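Report on the structure
So you can see what is in the structure, the chains are spelled out below.
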Amino acid sequence: MGQHSGHYHRFARMLRAEGFETWAMDTAGHGLSEGDPRQPGTLTELANDATLLVRTVRAEHAATPLVLVGHSLGAATALGVLGVATPDESADAHSATYQDHPSAPSVAAGMLSGLALSGTPKRVLGAARPNGARTPLPPSLPVLALHGVDDRMTPVEPVRVWTRRHESVSLREYIGAGHDLWHEPVHARVSVDIVEWMRDVVVGSARQTASGAEHVS
């Protein structure tokens, strides 16, 4: 909320320097997107917008590995795209944005090579307790969770619990960092960590494709 794609220019420049093409979505009412900034839409509406972005990128680059990155509300939106933004009934859900969760994926997990999330809100992680319900993440999709240890807006502990429930999720924590990792003193480290992880994801995706081709032949 209150941000737009231009605020991530340093991250985009690093990605470009490393050979990654970057596409971004401005939430309704933010940046160059029309709408009321006080009413960005429900999570289902945001996920529909993000789905259009993913499909547009995939139409332009049919065979290129595609990694979806989301921060805060964007992380919730990314989980909504996959149909796994599971409400936590114990979390404060007074915001109209979170009252409507997508009930099914709008993008098949096979369209993505990886998912990176930062500052993920507790309210979309299901019951973030050790004995809570397991969020049905696609088991074969690599997921990187990044979080500031001193994040007061979205505390890290629910993300730790959520991470332990999924073998496909790796968690990177940043001591002394708050919620907006790309505007914290650790922003360069965060970007490097994502780039290195993306390289591994792309290499892994290429190996799986080659292995599948050999199997078919």
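Refer to the preceding data block for the structure.
First, a word on what this report is: a plain description of the structure on this page. Computed from a prediction, not measured in an experiment: that's the story for all the values here.

**Focus: the pairing of strand β4 (residues 169–174)**
Examined bridge by bridge, strand β3 (residues 143–148) and β4 share 6 bridges and lie parallel to one another. From the neighbouring strand, L144 faces β4, where its bridge partner is S170. At this point the chain moves from β3, through helix α4 (residues 157–164), to the parallel β4, and the crossover so formed is right-handed.

**Observations concerning the environment of V169**
Summarising the element assignment, V169 is placed in strand β4. Residue classification places V169 among the buried positions, given a relative accessible area of 7%. With 26 residues separating them along the chain, V169 and V143 place their C-alpha atoms 4.6 Å apart.

**Structural notes on the packing of aromatic side chains**
Here the structure, examined in full by the defined rule, presents 2 aromatic pairs. Note on Y8 and W182: the rings are 5.7 Å apart at their centroids and 80° apart in plane angle, and the pair reads as edge-to-face. Here Y8 is found in the segment before α1 (9–17), whereas its partner W182 is found in the loop between β4 and α5 (187–216), with 174 residues between them in sequence. Given a relative accessible area of 18%, Y8 falls into the buried group. Measuring from centroid to centroid gives 5.3 Å for F11 and W182, while their planes differ by 50°, and the two rings are tilted. Of this pair, F11 sits in helix α1 while W182 sits in the loop between β4 and α5, and the two are 171 residues apart along the sequence.

**Concerning the side chain of R58**
Within the secondary structure, R58 is located in helix α2 (residues 43–60). Leaving out residues up to four positions away in the same chain, R58 has contacts with A63, T64, P65, L66 and M111.

**Some words on unusual backbone geometry**
Despite not being glycine, S72 shows a phi value in the positive range, around 60°. You can see S72 is positioned in the loop between β1 (67–71) and α3 (73–81). Its relative accessible area of 15% is what places S72 among the buried residues.

**Side note on the pattern of salt bridges**
Side chains carrying opposite charge are able to pair once their charged atoms draw close together. Tallied over the entire structure, the rule returns 7 salt bridges. For the salt bridge of R160 with E173, the shortest nitrogen-to-oxygen distance reads 2.8 Å. You can see R160 sitting in helix α4 and its partner E173 sitting in strand β4, a full 13 residues away along the chain. By sharing partners, the salt bridges in this structure join E157, R160, R164 and E173 into a single network.

**Brief notes about the packing of α2 against α3**
The N-to-C vectors of α2 and α3 enclose an angle of 75°; their axes lie 8 Å apart at closest approach. By the angle between their axes, α2 is roughly perpendicular relative to α3. Contacts between α2 and α3 involve L43, L46, A47, A50 and T51 from the former and L73, A76, T77, G80 and V81 from the latter. Grouping the amino acids of the contact of α2 with α3 by side-chain chemistry returns 7 nonpolar, 3 polar and no charged.

Each value, and the rule that gives it
Residues numbered from 1 in each chain as written. Predicted model: local features only at pLDDT ≥ 70, side-chain atom pairs only at ≥ 80, totals over all residues. Heavy atoms only, no water. Pairing = 2+ DSSP bridges. Helix = DSSP H or I, 4+ residues; strand = E, 2+ residues; numbered from the N terminus. Right-handed = clockwise from strand over helix to strand, strands pointing away. Buried < 20%, exposed > 50% of the residue type's maximum accessible area, 1.4 Å probe, protein only. Phe/Tyr/Trp six-rings, centres within 6.5 Å; stacked < 30°, edge-to-face > 60°. Contact = heavy atoms within 4.5 Å. Salt bridge = Lys/Arg side-chain N within 4 Å of Asp/Glu carboxyl O. Axes fitted to C-alpha atoms, helices over the stretch in contact; angles between N-to-C directions. Parallel < 35°, antiparallel > 145°, perpendicular 65-115°, else oblique. Nonpolar A, V, L, I, M, F, W, Y, C, P; charged D, E, K, R; others polar.

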